[in-house]
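Geometric and topological summary
Below, each chain spelled out in residue letters.
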Amino acid sequence: MSDDKVDVLIIGAGASGAAMAWSLVDTRMRILCLEQGDWVNQSDYPTVGRDWESRPDFSGSPNMRRRDEDYPINDADSPIKPVNFNGVGGGTILYMAHFPRLHPSDFRTRALDGVGEDWPITYADLEPHFAVNDEMMGVAGLAGDPGVPSKEGLMPPVPLGVLGEKVARGFNELGWHWWPSESAIATVPYNGRDKCVNLGPCASGCAQGAKASTDITYWPEAIRRGVELRTRCRVREITIDERGMADGVVYYDADGVERSQSAEMVIVACNGIGTPRLLLNSTSARFPDGLANSSGLVGRNLMLHAMAVTQGIFDGPMEGYKGPIGCSLWSKEFYETDLNRGFARGYTMEILRGNGPVAAAQMGMMMGALPWGEGHHAAFRQMFDKSAAICAVCEDLPEEHNRVTLDPDMTDSHGIPAPKINYVLGENSINMLAHAGERSTEVLRAAGASFVTPTVTSGVASGHVMGTTRMGTDPERSVVNEWGRSHDVKNLFVADSSMFVTSGGVNPTSTLQALALYVADNIKQRLANLFD
Amino acid sequence: MTAIISSDAQFSTDERAALGLLSDWMIPAGDGMPSAADPEILARVLSTLATHRAVVIDGLQKLQQLAHDAGVGGPLQLQDASGVVDALKGSHGQFVSVLQSAVAASYYRDDRVLRGLGLAARAPYPEGNPVPDTDWSLLDPVRSRAPFYRQV
């Protein structure tokens, strides 16, 4: 293993690190990526085994998964529990592959609605990068959705199934918008990937390889073109030289040996929690409060997406466990601001398919709907495969008190301080959640649900972590500039959802990858004076 | 007799019996289905619970105390299942939650149970599941709508 200086050092091989590496390879620079996790062998995914619904090693929660390469997250002071995956592919290994983009209005919330902040870039700036990313990941959907800007090159949409069609009729009954979800799932053979065969639980990984995780999309191409990817290498801190420029990192290799790696430039792509954690752990005499933190905003403005989950129970079989669990249909009916609703901004309603028998039983018992004893079997038959759920992904406004800090006691397996999250729902979110729950209930009833459960808004898991090193032109109000470079350290970049200024009301992966490609493009265009 | 796998051995004979009792209370035999205390299923329950040993032992101590309060020799002599379960839920919610999760995970992957529910007793991969094509005329009312996202 060489510790020779590289031109570009990327930390994190997930959704954005992969896109960044693939794009920068055009420069012929020497690019190295350090990833704390490992490759996942597709034959290891839970759906190949009989215990496919109960594999804690593929849980989204690092606190339950507890792999050696995971770091714990102290989420005791947050009603929303962050989920992630540490390995090549990062969060895309376990995401549901819902692939909406932020809307044009999401980049102008202050100007349009007087809330949040405006981004220093627009939807139009990202549009070409969205298109490239869609091609690399492979997106299924249906053109012509009146709720979002048009796009091309989509594979056929994921079929709705019994459940989706039933809920779609409910939307039609109310005259509300719905459309098949855009999904990063191959519905036909795509770039060497097999088509989806409806295994079901995408959120524990795709053994079929139909779901677009970056270990099978960007990385093979990036490595073939010369990028070096070192796995099981956990970065402890980014180091600086006497000029205050980043000069490399200190990391632990697969054997736990401390090593250093020097670099001309460093790009952090560790997600909205991992990125501020690393910067806050990178202290020095020059940066005692953490690297790139002169604004004091590293870790602040954490956005997790408030979510309202409402479940309807139907009379007949829904076949909900057949097909990609997260990708059925969406509704943009309440996405754009209407202040008469009692809140600014809005949400996407995403219709989820049902669970397999284990998850259905676990959830039923947890919610008290499935009794112990004599009535258990009848109750299970009545509820299993009879449910449909709507998850409303609500725009979460940036608030400085919602933040990532370093836990004073908790560490990962290398003794590196773990992140702690402090997060409370704002009034706008609370009002939006209530509205979303009521509207979801209406849809489910219109679709024929005989019973609708109370909407759940607390304890919900979210892999949508954003805003903790936000981008902007003002160094006092942002951590990185309008093309991802740190205001404080001229050869340090961020390339993930930490840069989000606002959250939108959609899953962030498509946008964060487009953002990484946008930053990479700016780096390529500015190579002559990149650090000026 | 079912072989005791290594993780089962983390529980004593009495502890295994008590966990079997609770599993049976949770999902008894009936409706053509086995009890969750069926030896094959219980072995999986015990294996899962072994990773939560401290919480489980704490819960079982409470169960023992409830038996003592009821004036019986031990948990296996307890009669008032619902009262005991309510008491456990009230004071040892984490134990009940862990137990429910383990029993559900062990029970609803059992071949007999899956077949009893009319489900295939197999892993999802590689066969997957058939999902019929969608008739997209269902979208006609939405297609007629003009774009309504905000142009910026």
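Everything that follows concerns the structure shown earlier in this document.
Let me begin by describing the structure that accompanies this report. Not measured: the values here are computed from a predicted model. (Residues numbered from 1 in each chain as written. Chains lettered and ligands numbered in written order. Predicted model: local features only at pLDDT ≥ 70, side-chain atom pairs only at ≥ 80, totals over all residues. Heavy atoms only, no water.)

**Considerations on the overall build of chain A**
When you go through chain A residue by residue, the secondary structure sums to eleven helices and 18 strands. In terms of C-alpha radius of gyration, chain A reaches 22 Å, essentially the compact-globule figure of 24 Å for 532 residues. Relative to its 532 residues, chain A shows a buried fraction of 65%. For chain A, the exposed area adds up to about 17500 Å²; of that, 48% sits on carbon and sulfur atoms. Of the side-chain charges in chain A, 46 are positive and 66 negative, and the distance between the mean point of each set is 2 Å. (Helix = DSSP H or I, 4+ residues; strand = E, 2+ residues; numbered from the N terminus. Rg over C-alpha atoms; globule rule 2.2 N^0.38 Å. Buried < 20%, exposed > 50% of the residue type's maximum accessible area, 1.4 Å probe, protein only. Areas by Shrake-Rupley, 256 points an atom, 1.4 Å probe, with all protein chains shown as cover. Lys, Arg positive; Asp, Glu negative; His and termini not counted. Charge placed at Lys NZ, Arg CZ, Asp CG, Glu CD.)

**Considering empty space enclosed by the protein**
All names here are of chain A. The final tally for this structure, using the stated rule, is four cavities of 30 Å³ or more. Taken as a whole, the largest cavity holds about 120 Å³ of empty space. Around the largest cavity, the lining comprises 17 residues; the ones closest to its centre are Cys-196, Leu-199, Gly-200, Cys-202 and Cys-206. Across the lining of the largest cavity, the residue classes break down as ten nonpolar, six polar and one charged. (1 Å grid on protein atoms, 1.4 Å probe; cavity = no way out; pocket = protein on both sides within 12 Å on 5 of 7 lines; lining within 4 Å. Points joined across faces, edges and corners; volume = space filled by probe spheres on them. Nonpolar A, V, L, I, M, F, W, Y, C, P; charged D, E, K, R; others polar.)

**Brief notes about the sheet that holds strand E16 (residues 451–452) of chain A**
All names here are of chain A. In space, the six strands of this open sheet follow the order E5-E11-E12-E13-E10-E16, with antiparallel pairing throughout. Every interior strand has two partners, whereas the edge strands, strand E5 (179–180) and E16, have only one. Direction of pairing for strand E11 (residues 329–331) relative to strand E12 (residues 347–352): antiparallel, over a ladder of two bridges. Residue pairing across strands places Ser-331 opposite Met-349, the latter belonging to E12. Together, strand E10 (306–313), E12, strand E13 (387–394) and E16 form the strand contacts of helix H10 (residues 427–446), whose direction differs from that of E10 by roughly 20 degrees. (Pairing = 2+ DSSP bridges. Contact = heavy atoms within 4.5 Å. Axes fitted to C-alpha atoms, helices over the stretch in contact; angles between N-to-C directions.)

**Thoughts on the packing of helix H5 (residues 161–174) of chain A against H10(A)**
All names here are of chain A. Here H5 crosses H10 at 105 degrees, and the two axes come no closer than 7 Å. In this view, H5 runs roughly perpendicular relative to H10, as classed from their interaxial angle. Note on element contacts: H10 touches H5 through Glu-442, Val-443 and Ala-446, opposite Val-167, Gly-170, Phe-171, Glu-173 and Leu-174. Partitioned by chemical class, the residues of the contact of H5 with H10 number five nonpolar, one polar and two charged. (Parallel < 35°, antiparallel > 145°, perpendicular 65-115°, else oblique.)

**Comments concerning the layout of surface pockets**
All names here are of chain A. As a volume, the second largest pocket reaches approximately 370 Å³. Lining of the second largest pocket is provided by 22 residues; of these, Gln-311, Ile-313, Ala-369, Met-383 and Ser-387 occupy positions nearest its centre. For the lining of the second largest pocket, the secondary structure elements donating two or more residues are E10, helix H8 (357–366) and helix H9 (376–383). By residue class, the composition of the lining of the second largest pocket is eleven nonpolar, nine polar and two charged.

**Description of the nonpolar core**
In this structure, Trp119(A), Trp219(A), Ile238(A), Ile267(A), Met471(A), Leu492(A) and Leu515(A) are the most contacted members of the largest nonpolar core, which totals 93 residues. Examining the composition of this core, we find that nine residues originate from one element, helix H11 (residues 509–525) of chain A, more than from any other. What Leu492(A) contacts, discounting residues up to four positions off in sequence, is Ile238(A), Val266(A), Val268(A), Leu279(A), Leu291(A), Ala292(A), Gly484(A), Arg485(A) and Ser486(A). Judged by nonpolar contacts, the second largest core, of 51 residues, contains Ala360(A), Leu60(B), Leu66(B) and Val96(B). (Core = buried A, V, L, I, M, F, W, Y, C linked by side-chain atoms within 4.5 Å.)

**What to know about the packing of aromatic side chains**
Residues and elements named next belong to chain A. The full count for this structure, using the stated rule, is 14 aromatic pairs over all chains. On the numbers, 5.3 Å between centres and 55 degrees between planes, the contact of Trp-119 with Phe-500 is tilted. Highlighted residues: Trp-119 in the loop between helix H3 (109–113) and helix H4 (123–137) and Phe-500 in the loop between strand E18 (492–494) and H11, separated in sequence by 381 residues. You'll find Trp-119 and Phe-500 in the same group, each marked buried. Ring centres 5.3 Å apart and planes at 10 degrees place the aromatic pair Phe-380 and Phe-384 in the stacked group. Through a chain of ring-to-ring contacts, three or more aromatic side chains come together here, namely Phe-107, Trp-119, Tyr-123, Phe-130 and Phe-500. Sitting over the face of the ring of Phe-58, Arg-67 holds its NZ or CZ atom 4.6 Å from the ring centroid. Directly above the ring of Trp-330 sits Lys-332, whose terminal nitrogen or CZ lies 4.7 Å from the centroid. (Phe/Tyr/Trp six-rings, centres within 6.5 Å; stacked < 30°, edge-to-face > 60°. Lys NZ or Arg CZ within 6 Å of the ring centre and 35° of its normal.)

**Topic: the interface of chain B and chain A**
Contacts between chain B and chain A engage 54 residues on the former and 61 residues on the latter. Summing both partners gives a buried area of about 4800 Å² for chain B against chain A, and 65% of it is carried by carbon and sulfur. One can count four salt bridges joining chain B with chain A. With its nearest N and O atoms 2.7 Å apart, the salt bridge here joins Arg145(B) to Glu333(A). The interface formed by chain B and chain A includes 19 residue pairs in polar contact (both at pLDDT 80 or more). Secondary-structure elements contributing two or more residues to the side of chain B that touches chain A are helix H1 (13–26), helix H4 (81–91), helix H5 (93–107), helix H6 (111–116) and helix H7 (140–143) of chain B. Tallying contributions element by element places H5(B) first for the side of chain B that touches chain A, with seven residues. (Buried area = accessible area lost by both parts, 1.4 Å probe. Salt bridge = Lys/Arg side-chain N within 4 Å of Asp/Glu carboxyl O. Polar contact = N/O pair within 3.5 Å; in protein donor to acceptor, adjacent residues only side chain to side chain.)

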